[in-house]
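Each chain, written out:
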Amino acid sequence: MKVLSLVGCTFALWGCDVTRAALGGNVVEVPFPSALADADVRVTGLNSPLDDALIIGNGDINALVWTEQGAVVMTLTKNDVWDARLDTQNDPPLPTLARLKELAKAGGPIGDPILPAGMQWTGPDSYHFHAYPCPRACARVRLSDKPLAPTAPTCPATLNLRRASVQVDGAADSPPRAVVRALANRNVFLIQSPAHAELLPIESPTIPPATRGATDGVAWVHQVIPGDVDWQGMSFAVALARRGEQTAVAVVTSRESKDVVADAVKLARSTAAAKAAQLIQRHEAEWHRFWSRSGIQMEDELLQRTWYRSLYFLRCVSKPGVICPGLFAGLVNDAPAWHGDYHTNYNIQQTFWAAYAANHPELTEPYDRLIREYLPRAQWLAQQIFSMRGAFYPHVLFAYEPPDPAACKSPIGRQYIHHTWGMTLGVSGFTVQPLWWHYKYAPDKKFLEKTVYPPLREVALFYAEFVEQCEGEDTVVLAPTVSPEHWGWTPRWERNRNGAFDIAYVRFTLQAAMEAAQTLGRDVRLVERWQRALKRLPPYPLHGDPPIVVDVEGAPPITYNIPVPASPVFPADVVTWQSPKEERELFARTIAGLRWNGNNATVMLAIARARLNMARTQEWLRAEVQQRLRPNGTLTLNRRQPPHRFNDFGHYTEQFGVGMAVSELLLQSVGDVIRLFPALSPGCRASFVNVRTQGGFLVTASGSAESVESLRVISTVGGRLRLLSPWQSIEVKREQRDKWQPLTVDRDGMVTVPTQAGETLEFRKPRNAGFQPA
C-alpha cells in the first residue's frame, strides 16, 4: 500500500504512486502508472485494419496503423476534412405538424417521406443518393524496405498509452520496425524507421483526383473537395519530409491556411529537421499532463484497462477547438457507413460520456460548439415543421451546415431530415443534455450563460409549446412522435404517442432549464410555463402484470435497438436511486427483463443498472465488454460472435463512452449527491484519484463496497457538497484546520457540507466508532 500526499495531508490509497502535492485538482504525477501501463495494447500482428490496427492521434489528426503486403501502412485522417456537399434537390419538402398528426393516425412504412396529400416523390433523397456529406481520409503512408509481397508475414506491435506511441517490431522477413506518434502539439505524424516512406493519395470516385508533387525533396499530396451552392468546399495538403531515419508527415487544411501545400511542406520539413528527443519530450509531457489529471485502479483488470483505453481513444479524436469527430475514429473506406455523421438519437453523445468523471470535460468542447452553432437552424426547424418557437434538433447533423437556412440557395433550406427517425420528440433534449452535463461537472456561470443556456432554453421553450398543443387537460397525450428506431409510423395511433424516451427527455429538459434559469436569475415567467408543462406530462407506458415499462403506449415489449424503456434511468437521469421505491422497482424489473439486439445498449444499460444498484452489474458489464473486445483494444458495436455486419464498418467512437460505465461502478453523483463504490461487486477493491462529480468536486478514495478506507474531496468552485455517508458517523477536516469536526448524518444517510473554491476536505470514520454502513 502506497501513501498519497495532497496539500500537506497523507492517507492510505491502495496502489497509488502519487507523492507530490495537488494543485487546482491536477496531480503532478500519474496516479496509477502500473494500471495505465497495464492498459497498453499488444497485438501479435497488424493484419486487419479493423481488429488489429492501432489508433494514434492528437485530438485533431489521427491514424490507423496496420500492415499490408509486408509494409506498415498508416491511414491518415483529420477532423476538419469533410466532403460537406449536400444535394437536397430530390429531397421531399419538410413535414408539418398537421401532416405528422395525420400520418401518426394513418400509419406508413418506415422511411417513407412525409408528403403533402397527393404529392408524388421519386427520390432518392440526399442521404441515400451520394456517399457525401461525410468525413474523408487524407492520405496513406506506406513504410517498406523490400518489395511488396501479398503473403508477407506480419509482426507484433505495441500501443503505449502513456507515451501515445505505436511501436512495430520489425524483423528480417516481416514489415519494417517503426515507432509512430501523432505529435501532441502540432499536426504532424513523427515516424522513426529505417524503411522507405511513401505518401499515397486516397482515391475516390466522388472527388477529383489529388495532385502529387515534391518541393525541395518534400513529397506532397494536394486534394480539393468541391463545394455546392451553399458551401464553398475545402482543400488540404499532406506533406512528407525525411531526415535520416526520421520522417515527418504534416496535414494542413484550407480552414487553417491560404496556401495548404506551402504550409504543409514547411511544417513537415521543420519537424523532420528538429531534434527527435525534443519533439518526443514535448509530446510526452503533454500526455503526462493528460494522464495526471485522474486515475483509477481496480482488482477487475479488464474494466480497469477499458477505462484507460476509452479515455485514450477519446483523446486521440477530440480536444478543444477542433471539429467534432463523427461516428468513426479513422476511416476504413471512402464511403463511411451512415455518412460518418453526427447521429443524435444515440451515437454521438455517448462518444464523450467518459470525459466528465475522468476529469476531462474539456474533451467535450467540440460537441458543445457543434450544438451551440446549430441553434439557429434548430430554431428554424421548430418554426418550419411545428410552427412553434424554440429549437428542434433532428437526429442527423453534418459538419459545416450553414447556420441560416433561409439564406441558402439549395432547396428546403439545405436541410436533410429523416421523415421517421428524425421525428422522435425526445432527441432535441438528448442533444442538449451533454452541454448541461458539462456545466454540472464543471460549473462556470459564464459557460452556462453563453454556451449551455441558449440551446437548453430554446429546446425547453419548444417542449412547452408542444405540450400546450397536445390533447388532454391535466395530463396530455404527448404526440405525435416515434420511438427511436422502433416501429416508425404505424396504423396504431397509440404507438405514435407517449413514448418513454420522449417523456423522460421532456422532463429532463424542463427541469434542467428551470435550474439554469434560476441560477442565472432570468426568465421567471418562462420558468412558470415550464413548471406547468412539467405537471402535465403523462406517465410512462406500461405493459403486463406485474407491469414493465415499454417504449410507446400500447406496444408489447420487443427486442430493442436502443434500450428505450431504460432511458428514464439513464441517460435521462430522471429516475434515480433516490426515486420512490415503487418507481425504482418498476424500472429495475424492466431492465432485468429487457431484450436488445446487441447494437446500441452496452453503455446505457450498464449505467442504468449501476444507478439502481442492480446485482452483478460489474459482471454484466465485464461480459459485454469481453464479447466486443478486439485485439487492438477497441470495442465492436455488436458482439463479435456470431459475426455482425455492423462490426465491419469501422472503429465506433460511441464505444469510447464505456469509460463512464466503469466510473459509475466507483462513483456516482446523479441528483448532485456523491455515492462511493455504489455498484462495485462485493469483495472487489478499488482506488481512484480526482474523479470528477457534479458540482465540480474532485474525489479521491480507496476501498470497496463493504468498506471505504479513505476519502478526500477537492472543491474546484465551492458550493454545497452532498455526500451519502459511507459511515454511520463521519468527521471532516479542512485543509487549513487541525481539528476533525463531526458532521450530522440525516435520516437518509447524507451529509451536507458548505465548501469554498479550491478547498480540500478529508473525511473519516470517527476513531472510536465501529464500521456501520449508513
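Please refer to the structure placed before this passage.
Computed from a predicted model, the values in this text were never measured in an experiment.

### A closer look at the environment of Gln 618
For step 1, the next point in the chain: Secondary-structure assignment places Gln 618 in helix α16 (residues 617-628).
For step 2, the next point in the chain: You can call Gln 618 buried: its relative accessible area is 1%.
For step 3, the next point in the chain: For the pair Gln 618 and Asp 300, spaced 318 residues apart in sequence, the C-alpha separation works out to 8.9 Å.
For step 4, the next point in the chain: When sequence neighbours within four positions are dropped, the list of residues in contact with Gln 618 reads Met 298, Asp 300, Leu 303, Leu 665, Ala 679, Leu 680, Ser 681 and Cys 684.
For step 5, the next point in the chain: For Gln 618, the side chain forms a polar contact with the main-chain nitrogen of Ser 681, separated by 2.8 Å.

### Regarding the sheet that holds strand β10 (residues 157-160)
For step 1, the next point in the chain: Spatial ordering of the open sheet is given by β5-β10-β11-β12-β13-β18-β17-β16-β15, a layout of nine strands whose pairing is antiparallel. Because the sheet does not close on itself, it has two edges, and the strands there are β5 (41-43) and β15 (211-215). The average undirected angle you get between the axes of adjacent strands in this sheet is 15°.
For step 2, the next point in the chain: The pairing of strand β16 (residues 218-225) with strand β17 (residues 234-243) spans seven bridges and is antiparallel. Along β17, the bridge assignment pairs Ile 225 with Met 234.
For step 3, the next point in the chain: Contacting β13 (188-192), β15, β16, β17 and β18 (246-253), helix α4 (residues 260-273) runs over the sheet at an angle of about 25° to β17.

### A few points about the pattern of salt bridges
For step 1, the next point in the chain: Taken as a whole, this structure holds 40 salt bridges when the rule is applied.
For step 2, the next point in the chain: Salt-bridge contacts for Arg 289 lead to Glu 286; the nearest nitrogen and oxygen are separated by 2.8 Å. Of this pair, Arg 289 and Glu 286 both sit in helix α5 (residues 276-292), three residues apart, roughly one helical turn.
For step 3, the next point in the chain: Looking at Arg 289, the relative accessible area reads 48%, which means it is partly exposed.
For step 4, the next point in the chain: Residue Glu 286 is classed as partly exposed on the basis of its relative accessible area of 29%.
For step 5, the next point in the chain: Put simply, Arg 522 and Glu 449 hold a salt bridge, and the shortest N to O gap is 3.0 Å. Separated by 73 residues along the polypeptide, Arg 522 in the loop between α12 (500-520) and α13 (524-535) and Glu 449 in helix α11 (residues 445-469) bring together distant segments of the chain.
For step 6, the next point in the chain: Relative accessible area serves as the criterion here: at 31%, Arg 522 is assigned to the partly exposed category.
For step 7, the next point in the chain: Assessed through its relative accessible area of 32%, Glu 449 is described here as partly exposed.

### Some remarks on helix α15 (residues 602-611)
For step 1, the next point in the chain: Among the 10 residues of α15, 10 are classified as buried, and the element is accordingly described as predominantly covered.
For step 2, the next point in the chain: Residues Thr 602, Val 603, Met 604, Leu 605, Ala 606, Ile 607, Ala 608, Arg 609, Ala 610 and Arg 611 constitute the buried set of α15.
For step 3, the next point in the chain: Looking one or two residues past α15, Asn 613 carries a phi angle of roughly 60°, positive in sign.

### Points about the pairing of strand β11 (residues 165-168)
Working note: regular strand, side chains alternate between the two faces of the sheet.
For step 1, the next point in the chain: Here β10 runs beside β11; their pairing, made up of four bridges, is antiparallel. Paired with Leu 159 across the strands is Val 166, a residue of β11.
For step 2, the next point in the chain: As consecutive antiparallel partners, β10 and β11 are separated by four residues, and within that stretch Ala 164 has a phi angle of approximately 50°, a positive value.
For step 3, the next point in the chain: As defined by bridge partners, β11 adjoins strand β12 (residues 178-182) across four bridges and the pair is classed as antiparallel. Note that in β12 the partner of Val 166 across the bridge is Val 180.

### As for the side chain of Asp 125
For step 1, the next point in the chain: As for its placement among the helices and strands, Asp 125 is situated in the loop between α2 (97-106) and α3 (126-129).
For step 2, the next point in the chain: Arg 414 provides the closest opposite charge to the buried, unpaired Asp 125, separated from it by 14 Å.
For step 3, the next point in the chain: Polar side-chain contacts of Asp 125 include one of 3.1 Å to the backbone nitrogen of Tyr 127.
For step 4, the next point in the chain: In this structure the side chain of Asp 125 is engaged in a polar contact, spanning 2.7 Å, whose partner is the side chain of His 128.
For step 5, the next point in the chain: The contacts of Asp 125, once residues within four sequence positions are left out, are Asn 90, Asp 91, Pro 92 and Tyr 416.

### Some words on helix α17 (residues 658-666)
Each α-helix winds once per 3.6 residues, and so residues spaced three or four apart point in a common direction.
For step 1, the next point in the chain: In terms of burial, α17 is a largely internal element, nine of the nine residues being buried.
For step 2, the next point in the chain: Among the residues of α17, those classed as buried are Val 658, Gly 659, Met 660, Ala 661, Val 662, Ser 663, Glu 664, Leu 665 and Leu 666.

### Observations concerning the sheet that holds strand β9 (residues 134-144)
For step 1, the next point in the chain: Reading across from one edge, β6-β7-β8-β9-β14 is the order of the five strands in this open sheet, with antiparallel pairing throughout. Taken across any chain shown, the strands that pair with only one partner, and hence form the sheet edges, are β6 (54-57) and β14 (196-201). Taking the axes of each pair of neighbouring strands and ignoring which way they run, one obtains an average angle of 25° across the sheet.
For step 2, the next point in the chain: Bridge count between β9 and β14: six bridges; the pairing is antiparallel. Across the sheet, the residue bridging to Leu 143 is Ala 197, located in β14.
For step 3, the next point in the chain: Strands in contact with helix α6 (residues 301-317) are β6, β7 (61-68) and β8 (71-83); relative to β6, the strand with the most contacts, it is inclined by about 50°.

### Considering the pairing of strand β30 (residues 708-715)
For step 1, the next point in the chain: With seven of eight residues buried, β30 is to be regarded as a mostly interior element.
For step 2, the next point in the chain: In the sheet, strand β29 (residues 697-703) pairs with β30 via seven bridges, with the strands oriented antiparallel. By the bridge assignment, Phe 697 is partnered in β30 with Ser 715.
For step 3, the next point in the chain: Taking the residues that link successive antiparallel strands as the turn, the β29-β30 hairpin has four residues.

### A few points about the nonpolar core
A general trend in soluble globular proteins is that nonpolar side chains are found buried together.
For step 1, the next point in the chain: With 225 residues, the main nonpolar core has Trp 530 and Phe 763 as its most contacted residues.
For step 2, the next point in the chain: Here this core takes 14 residues from α12, the largest share from any one element.
For step 3, the next point in the chain: Look past the residues within four positions of Trp 530 in its chain and what remains in contact with it is Tyr 453, Arg 457, Ala 460, Leu 461, Ala 464, Leu 510, Ala 513, Met 514 and Ala 517.
For step 4, the next point in the chain: Among the nonpolar cores identified, the runner-up in size contains 20 residues, and Leu 183, Val 218, Val 261 and Ile 280 belong to it.

Criteria and thresholds
Residues numbered from 1 in each chain as written. Predicted model: local features only at pLDDT ≥ 70, side-chain atom pairs only at ≥ 80, totals over all residues. Heavy atoms only, no water. Helix = DSSP H or I, 4+ residues; strand = E, 2+ residues; numbered from the N terminus. Buried < 20%, exposed > 50% of the residue type's maximum accessible area, 1.4 Å probe, protein only. Contact = heavy atoms within 4.5 Å. Polar contact = N/O pair within 3.5 Å; in protein donor to acceptor, adjacent residues only side chain to side chain. Pairing = 2+ DSSP bridges. Axes fitted to C-alpha atoms, helices over the stretch in contact; angles between N-to-C directions. Salt bridge = Lys/Arg side-chain N within 4 Å of Asp/Glu carboxyl O. Lys, Arg positive; Asp, Glu negative; His and termini not counted. Core = buried A, V, L, I, M, F, W, Y, C linked by side-chain atoms within 4.5 Å.

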